[in-house]
Amino acid sequence: MSDGADIAELAKRRGFFFGANEAYGGVAGFYTFGPEGAALKRNVEAAWRDRFTVREGNDEIESPTIAPEAVFEASGHLDGFDDMLVECGECGESHRADHLIEDASDIEEAESLPIPEVEELIAAYEVACPTCGAALAGRSIEEFNLMFATSIGPGSGQPGYLRPETAQGIFVEFPRLKEYARNTLPFGITQIGRAYRNEISPRKGIVRTREFTQAELEQFVDPDTDEPPLSRVADVPLRLYPADEQEDPDGEYVEATVREAVAEGIVASDWVAYYLGVAREWYERIGVDGDRFRFRQHLPGERAHYAADCWDAESEVSGAVEDHEDPADGDWIEIAGFAYRGDYDLSKHAEHGDDDFTVFQQYDEPRTVERAVVDPDMSVLGPAFGGQAGDVADALRDLAARDPDAFEGETVAVEVDGEEVTVDTDVANFRIEEQTEAGEHVTPHVVEPSFGVDRTVYTLLAHAYDEDRIDGEERTYLSLSPEVAPTDVAVFPLVGEAALEELADGVVADLRAAGLSVAHDDSGNIGRRYRRQDEVGTPLSVTVDHESVEEAPMTVTVRDRDTTAQVRVPVDELATELEGVLAAGGSFERLLETYDRVDTDVTRS
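Now for a quick tour of the structure. (Residues numbered from 1 in each chain as written. Predicted model: local features only at pLDDT ≥ 70, side-chain atom pairs only at ≥ 80, totals over all residues. Heavy atoms only, no water.)

A look at the nonpolar core
Right, so step 1: Within the largest apolar cluster, 62 residues are counted, with the highest numbers of intra-cluster contacts made by Y283, F295, F338 and F451.
Right, so step 2: Residues within four places of F451 in sequence aside, it is in contact with W48, F52, T213, Q214, A215, A279, W282, Y283, I335, A336 and F338.
Right, so step 3: V542, V544, V558 and F588 belong to the second largest nonpolar core, which has 27 residues in total. (Core = buried A, V, L, I, M, F, W, Y, C linked by side-chain atoms within 4.5 Å. Buried < 20%, exposed > 50% of the residue type's maximum accessible area, 1.4 Å probe, protein only. Contact = heavy atoms within 4.5 Å.)

This is the structure:
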């Protein structure tokens, strides 16, 4: 088990991550992934791509990280992408008000509360400025937009923003992406890339930063006909923390399979339930501890207005949990979100953009339907409304489509440019016609699983961190899944002799040719080399010793990270055997059953 200090110390010392630009004093919220961290992060991204792009049959794109202002005006980010900021009256430091409340109380999701209530809670809990200790009671809380602004082009240029999420890059390209999908629903588009949020108070290392990596899937579906393949994950067990249980002082987890969660209405959307099941299996695959993992439903106050249902995947990262059944025990962080977004995003871009954000769905057989039709008499509308005549005609057509009964009177009223205008019904030429249609235009609904890659990396480090005693010495190691571990195998020549070095070089070359990631370490005694690799989570170590070159066939010692068990394996069979251990479902036990165990302690040689 670990705490934040353990992870931060190990991450910096062993090259997982560290504060960026430290030579210039650093800036809060920006981190550099070192050699080990970058490799771990790449492996997490590759595992996500394999599961959510390849195995789901989706397509991946890569869109720009900067977009013009109009994109974010349409998406609602200019008006609604805010956090609660409170500024200290003494030192002038700004802080995120909801986080201060969470730190000072048992309230877990203060961001779902309205600003007036947060202001009252700051006074009630006597919250002080974390920087200087001055009281914050009575200080006003303001909404602070989290997007980074920039200019596109020389001078003042065209206003733009660094994207706060990768999703909009998918939504704005929908008119072209639907063509690649042959205008057939459902289809999914994925993207892995950087996003930027000007956080008020970055904290917890790479848990809350100003630049981070997201892995997102936007699944486009016909809400009336498309259903997910629930049978694939029907029996996957879920630990759920529904909103009503969160609001109950004695609330508990609900343990249910995906099938049960849907049947009992715990998860409202079948599509969301499907991806909860897929995600649960994937997190287990890459090494997230199931006892320190849950799905928490958004409370009404934190759910986006356009989302029918939202759930977060959360991991516990403090290592101090005593009761895994107590939802209030531990330090939980959001690592993924699952939302049914409806048609909000595509409808907004259709309203603001100049393209078609619908998909034409052809019927199996042509249908005869009744349609309300308006054919305004422009010879009357022109003289009456001048340049607004065309807008009046469009407003009449829109009204007929959504409310045909409005044309039952002698006159009909529509709104144009914020003003109500009245038109004689006979001038509108309203009628009901029978029409034969081959299909219809559908605005797809969107199901969005969105994963925080950096937070997943942090979770894996926290859950893999362990300590034990080997040969009477304390050892720190990372029990990382082989799929995501930065290095597959470390190769050590026991001493600096030419024959051993030559064999070690050959072993390294053979293993790398087999596609394995290999570290070649000949520095220091063998025990220290083992400890170094244990600390970065390398699953297997290979030692080349005197016996390797003195006997035939040549053999090497293979050591398991977690148990420190060792066996001798012929060099000619080494690559094949290590691939088997590292493969999904592989185990070191097979080597123990097949080859001679080495009981001699070489960790202190």
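Next comes the rest of the description.
Looking at the side chain of E102
Right, so step 1: Relative to the helices and strands, E102 resides in helix α5 (residues 97-104).
Right, so step 2: Although buried, E102 forms no salt bridge, and the nearest oppositely charged side chain, R203, lies 4.0 Å from it.
Right, so step 3: Setting aside anything within four residues of it in sequence, one finds E102 in contact with I107, E108, E109, A110, E111 and R203. (Helix = DSSP H or I, 4+ residues; strand = E, 2+ residues; numbered from the N terminus. Lys, Arg positive; Asp, Glu negative; His and termini not counted. Salt bridge = Lys/Arg side-chain N within 4 Å of Asp/Glu carboxyl O.)

Digging into the pairing of strand β5 (residues 82-87)
Right, so step 1: In this structure, β5 lies alongside strand β7 (residues 141-145), joined through five bridges in antiparallel fashion. Counterpart to V86 in the pairing with β7 is I141.
Right, so step 2: The pairing of β5 with strand β6 (residues 94-96) spans three bridges and is classified as antiparallel. Bridge pairing in β6 links V86 to H95.
Right, so step 3: With antiparallel pairing between neighbouring strands as the criterion, β5 and β6 make up a hairpin whose turn holds six residues, including G92 at a positive phi of roughly 80°. (Pairing = 2+ DSSP bridges.)

Quick word on a negative patch on the surface
Right, so step 1: On the surface, a cluster of negative charge is contributed by D244, E247, D248, D250 and E252.
Right, so step 2: Within the fold, E247 resides in helix α9 (residues 243-247). (Patch = residues over 30% accessible without salt bridge, like charges linked within 9 Å, V, L, I, M, F, W, Y side chains within 5 Å. Areas by Shrake-Rupley, 256 points an atom, 1.4 Å probe, with all protein chains shown as cover. Charge placed at Lys NZ, Arg CZ, Asp CG, Glu CD.)

Regarding the sheet that holds strand β9 (residues 158-162)
Right, so step 1: Sheet architecture is open: three strands sit in the order β4-β9-β8, paired in antiparallel fashion. Each edge of the open sheet is held by one strand with a lone partner, namely β4 (66-68) and β8 (149-152). Neighbour-to-neighbour, the strand axes of the sheet open up by a mean angle of 40°, direction not taken into account. (Axes fitted to C-alpha atoms, helices over the stretch in contact; angles between N-to-C directions.)

Quick look at the packing of aromatic side chains
Right, so step 1: For the structure shown, the criterion picks out 24 aromatic pairs.
Right, so step 2: A ring pair is formed by W48 and F451, whose centres lie 5.9 Å apart and whose planes are at 70°; its orientation type is edge-to-face. One end of the pair, W48, is in helix α2 (residues 35-54); the other, F451, is in strand β21 (residues 445-452), with 403 residues separating them in the sequence. Summarising the burial analysis for this pair, W48 and F451 share the class buried.
Right, so step 3: Ring plane angle 80° and centroid distance 6.4 Å describe the contact between F171 and F220, whose orientation is recorded as edge-to-face. Placement of the pair is F171 in helix α7 (residues 167-171) and F220 in strand β11 (residues 211-221), with a sequence separation of 49 residues. The exposure classification of F171 matches that of F220, with both residues buried.
Right, so step 4: Ring pairing ties together the aromatic residues W48, F52, W282, Y283, F293, F295, F338 and F451, which thus form one cluster.
Right, so step 5: The ring of W332 has R294 sitting right over it, with the charged end atom 4.0 Å from the ring centre.
Right, so step 6: Over the ring of Y530 we find R559; its NZ or CZ atom is 4.2 Å from the centre of that ring. (Phe/Tyr/Trp six-rings, centres within 6.5 Å; stacked < 30°, edge-to-face > 60°. Lys NZ or Arg CZ within 6 Å of the ring centre and 35° of its normal.)

Brief notes about the packing of α2 against helix α16 (residues 453-464)
Right, so step 1: Following both chains from N to C, one finds α2 and α16 inclined at 110°, their axes separated by 10 Å at the closest point. The angle between α2 and α16 falls in the class roughly perpendicular. The handedness of the crossing between α2 and α16 is right-handed. Residues L40, K41, V44 and E45 of α2 pack against V453, D454, T456, V457, L460 and L461 of α16.
Right, so step 2: A per-class count over the contact of α2 with α16 returns six nonpolar, one polar and three charged. (Parallel < 35°, antiparallel > 145°, perpendicular 65-115°, else oblique. Left-handed = near helix turned anticlockwise from the far one by under 90°. Nonpolar A, V, L, I, M, F, W, Y, C, P; charged D, E, K, R; others polar.)

Some points on α5
Right, so step 1: Burial of α5 is extensive: six of the eight residues sit out of reach of the surface.
Right, so step 2: Every buried residue of α5 is listed here: A97, D98, H99, L100, I101 and E102.
Right, so step 3: In this structure, the buried residues of α5 make contact with β5, β6, α6 (115-124) and β7.

Here's the deal with unusual backbone geometry
Right, so step 1: The linkage connecting L185 with the following residue, P186, adopts the cis geometry, with an omega of -5°.
Right, so step 2: Along the chain, the position of P186 falls in the loop between α8 (174-180) and β10 (187-196).
Right, so step 3: P553 follows A552 through a cis peptide bond whose omega is -5°.
Right, so step 4: Secondary-structure assignment places P553 in the loop between α19 (546-550) and β27 (555-560).
Right, so step 5: In this model, E126 sits at a positive phi of 50°, which is unusual for a non-glycine residue.
Right, so step 6: Within the secondary structure, E126 sits in the loop between α6 and β7.
Right, so step 7: A positive phi is found at N429, a non-glycine position, where the angle reads about 55°.
Right, so step 8: Note that N429 resides in the loop between α15 (425-428) and β20 (430-442).
Right, so step 9: N429 sits in the partly exposed class, given a relative accessible area of 33%.

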